[in-house]
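Next come the chains, spelled out residue by residue.
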Amino acid sequence: MRAETSDVAFRLLLALGESWDALQRASIDPSAKGLYLTKEYLGGYTRFSAGPSTSPRLIVEWNESTRHLRVLRCYEWPGFEAAISSTVAYVRDQAREQGIIDSVDDQFVRACQEPAAPARRTVLPGAMDSTREPERRRA
């Protein structure tokens, strides 16, 4: 997995994140294919936490206006591209049934296009440590 704006799968993840709430309001559950994502608004940045379970393997903060990506965590995630692909396919099928495919496809098409403006990327120390497992919550 590459947490870079030059990676199409990563840009599709951001597009899913941006439309996550709207999809849920339309009774589409994007997590049905095993991709778990949360987002928080932090001033000009949006923090996306994603993973194949409730323990995120990827945590990034994205500022669209300044095109700045901060990578807080990027752990090994086998099957990242497959998870994104199956989630996008599922969301598109459900959006077609709900009659909102045009707006959903617009987001995905924009995500697949090469960005016109360059992005700045900051990786925090320890963020790319692939040998560590995500922290587990204790009950």
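Residues numbered from 1 in each chain as written. Predicted model: local features only at pLDDT ≥ 70, side-chain atom pairs only at ≥ 80, totals over all residues. Heavy atoms only, no water.

Student: Requested: an account of helix α2 (residues 80–98), with residues and values cited.
Tutor: For α2, built from 19 residues, the straight-helix expectation of 27 Å at 1.5 Å per residue is met to within 8% by its first-to-last C-alpha distance of 27 Å. Among all positions in α2, only F80, A83, I84, T87, V88, Y90, V91, Q94 and A95 are buried. Elements that come into contact with the buried residues of α2 comprise α1 (8–25) and α3 (101–112). Phi for G99, located one or two positions after α2, is positive at around 80°. (Helix = DSSP H or I, 4+ residues; strand = E, 2+ residues; numbered from the N terminus. Expected span 1.5 Å × (residues − 1). Buried < 20%, exposed > 50% of the residue type's maximum accessible area, 1.4 Å probe, protein only. Contact = heavy atoms within 4.5 Å.)

Student: A description of the pattern of salt bridges should follow, citing residues and the corresponding values.
Tutor: For the structure shown, the criterion picks out seven salt bridges. Between R67 and E64 there is a salt bridge; the shortest N-O distance is 3.8 Å. On the accessibility criterion, R67 (15% relative accessible area) is buried. The residue R96 makes a salt bridge to D93 at a minimum N-O spacing of 3.3 Å. You can see R96 and its partner D93 sitting in helix α2, three residues apart, about one turn around the helix. (Salt bridge = Lys/Arg side-chain N within 4 Å of Asp/Glu carboxyl O.)

Student: How would you summarise α1 if you had to cite specific residues and measurements?
Tutor: Under the 1.5 Å per step criterion, the end-to-end length of α1 is 26 Å for 18 residues, consistent within 8% with the ideal 26 Å. The sharpest bend along α1 reaches about 50° and sits at S19. All buried positions along α1 are accounted for by A9, F10, R11, L12, L13, L14, A15, L16, G17, S19, W20 and L23. Packing partners of the buried residues in α1 comprise β1 (36–42), β2 (45–51), β3 (58–63), β4 (68–74), α2 and α3. Remark: S27 follows α1 within two positions and exhibits a positive phi of approximately 65°. (Bend = angle between axes of the 7 residues up to and from the residue.)

Student: Please set out the sheet that holds β4 residue by residue, giving values where relevant.
Tutor: Here five strands make up an open sheet; going across it, the order is β1-β2-β3-β4-β5 and the pairing mixed. The open sheet has two free edges, formed respectively by β1 and β5 (120–123), since each of these has just one partner strand. Neighbouring strand axes in the sheet, compared pairwise and without regard to direction, differ in orientation by 20° on average. Bridging between β1 and β2 involves seven bridges; their strand directions are antiparallel. (Pairing = 2+ DSSP bridges. Axes fitted to C-alpha atoms, helices over the stretch in contact; angles between N-to-C directions.)

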